[in-house]
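# Coordinate analysis (summary)
Each chain is listed here by its residues.
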Amino acid sequence: MDANTLARCTGSTPGAAALYAGHLTVQMERFEIDTRARQAAFLANVSVETLRLAAVEEDLNYRTADRLRLIFPSLFVAAKGGKHRAEDYVRRPDALSELRYRGYHGRGLLHLTWIGAYAAAGAALGFDYVGKPSLVSLPEHAAATACWVWAEFKNLNPAADRGDMYEIRGKVNGPARLQLAETMSLRTTALRVLGAA
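Going along each chain's sequence as written, the residues are numbered from 1 onward. Owing to the predicted nature of the model, reporting of local features is limited to residues with pLDDT of at least 70; listing and counting of side-chain atom pairs is limited to 80 or more, with chain, interface and lining totals taken over all residues. The side-chain figures draw on all heavy atoms in the structure; neither hydrogens nor water molecules are used.

## Things to note about unusual backbone geometry
- A positive phi angle, near 60°, is found at Glu-32, a position not held by glycine.
- The backbone of Leu-51 shows a phi angle near 55°, a positive value even though the residue is not glycine.
- For helices the rule is a DSSP run of H or I covering at least 4 residues; for strands it is a run of E covering at least 2, with both sets numbered from the N terminus onward. Here Leu-51 lies in the loop between helix H3 (36-49) and helix H4 (65-71).
- Using a 1.4 Å probe on the protein chains alone, a residue whose accessible area is under 20% of its type maximum counts as buried, one over 50% counts as exposed, and one in between counts as partly exposed. Looking at Leu-51, the relative accessible area reads 57%, which means it is exposed.

Below is the structure:
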């Protein structure tokens, strides 16, 4: 997949697409994300998760304590079991990562999250992601881990074959299925682009 096609499928800038196109081409082939349906569903989710290939790391830089309480009630709302002061984590992404994820917050094109996922990805791909989690933010590893998450960890190729974006979004984003409509729209765009390529 060339950078122009990737940019058109994801809505990213040409420069961002150029960082990932070659790596994604290799890894998508490796993990059999190799049909229009699979590629379109995969790229739509990658686009949403990374703000159009602009952010390969979860943004934990919250600006207000109220927002922290809203997003992480189990940490910061006493009535929900929270035992921490949200004010202590405002604009402190590293501290919040340690508190919430033990340092293994979302990184990569599909936001690999939690130490278990980092360990499994490392074992599958042959890298020490537990010892060096920041590797997952580098283009080569961001692409490889995303394709592995998609095809093996979450087994999403069958759902993509069926066009089941509801199931896919649930497995990628969780039960809230945030931005489902946007992801479906991006899938439609990617199908059109890939059909013309």
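## Here we look at the pattern of salt bridges
- Every case where a carboxyl oxygen of Asp or Glu lies within 4 Å of a side-chain nitrogen of Lys or Arg is listed as a salt bridge. In total, this model carries 10 salt bridges according to the counting rule given.
- Put simply, Asp-66 and Arg-69 hold a salt bridge, and the shortest N to O gap is 2.7 Å. Here the residue Asp-66 and the residue Arg-69 both occupy positions in helix H4, the gap between them amounting to 3 residues, near one helical turn.
- Residues joined by salt bridges that share partners form a network here, namely Asp-34, Arg-38 and Asp-161.

## As for helix H1 (residues 3-10)
- Those residues of H1 that fall on the buried side of the exposure criterion are Thr-5, Leu-6, Ala-7, Cys-9 and Thr-10.
- On the buried face of H1, the contacting elements are helix H2 (14-30), H3 and helix H11 (180-196).
- Residues adjacent in sequence count toward polar contacts only when both atoms are side-chain atoms; beyond that, a polar contact is any pair of N or O atoms within 3.5 Å, and within protein one must be able to donate a hydrogen and the other to accept it. A side-chain oxygen of the first residue of H1 lies 3.2 Å from the backbone nitrogen of Asn-4; this N-cap is Asp-2.
- Of the residues trailing H1, Gly-11 is marked for its positive phi of about 75°. Contacts between residues were defined by any pair of non-hydrogen atoms, one from each residue, lying within 4.5 Å.

## Considerations on the packing of aromatic side chains
- We call Phe, Tyr and Trp rings a pair once their centres come within 6.5 Å, taking the six-membered ring for Trp, and we label the pair stacked below 30 degrees between planes, edge-to-face above 60, and tilted otherwise. Enumeration according to the criterion identifies 7 aromatic pairs in this entry.
- Between Phe-127 and Tyr-129, the aromatic rings sit 5.9 Å apart at their centres with planes inclined by 25°, giving stacked as the arrangement.
- Judged by relative accessible area, Tyr-129 falls into the buried class, the value being 1%.
- Relative to Phe-153, the ring of Trp-148 has its centre 4.9 Å away and its plane inclined at 25°; by these criteria the two rings are stacked.
- The ring centre of Tyr-89 lies 5.9 Å from the NZ or CZ of Arg-92, which sits over that ring.
- A cation sits over an aromatic face here: Arg-177 above Tyr-166, 3.8 Å from the ring centre. We call a charge positioned above a ring when the Lys NZ or Arg CZ atom is no farther than 6 Å from the ring centre and deviates by at most 35 degrees from the ring normal.

## Quick notes on helix H10 (residues 165-173)
- Listed in full, the buried residues belonging to H10 are Met-165, Ile-168, Arg-169, Gly-170 and Val-172.
- Its buried side turned inward, H10 meets H3, helix H8 (139-153), helix H9 (157-162) and H11.
- Between the side-chain oxygen at the start of H10 and the backbone nitrogen of Tyr-166 there is a gap of 3.3 Å, and the oxygen is on Asp-164.
- Residue Gly-174 follows H10 closely and has a positive phi angle near 100°.

## As for the packing of H1 against H2
- The N-to-C vectors of H1 and H2 enclose an angle of 110°; their axes lie 8 Å apart at closest approach. Overall, the two elements H1 and H2 adopt an arrangement that is roughly perpendicular. Note that H1 runs across H2; the crossing there is right-handed. Residue-level inspection shows Ala-3, Leu-6 and Ala-7 of H1 in contact with H2, the latter providing Pro-14, Ala-17, Ala-18, Tyr-20, Ala-21 and Leu-24.
- Residues are sorted three ways: Asp, Glu, Lys and Arg are charged, Ala, Val, Leu, Ile, Met, Phe, Trp, Tyr, Cys and Pro are nonpolar, and all the rest, Gly among them, are polar. When grouped by side-chain class, the residues that make up the contact of H1 with H2 number 9 nonpolar, no polar and no charged. Where helices are involved, their axes are fitted lines through C-alpha atoms of the stretch in contact, as for all axes, and angles between N-to-C directions lie from 0 to 180°. Oblique is the label for any angle not under 35 degrees, not over 145, and not in the 65 to 115 range, which are roughly parallel, roughly antiparallel and roughly perpendicular in turn. Crossing handedness: left-handed means the near helix sits turned counterclockwise from the far one by under a right angle, and right-handed means the same turn made clockwise.

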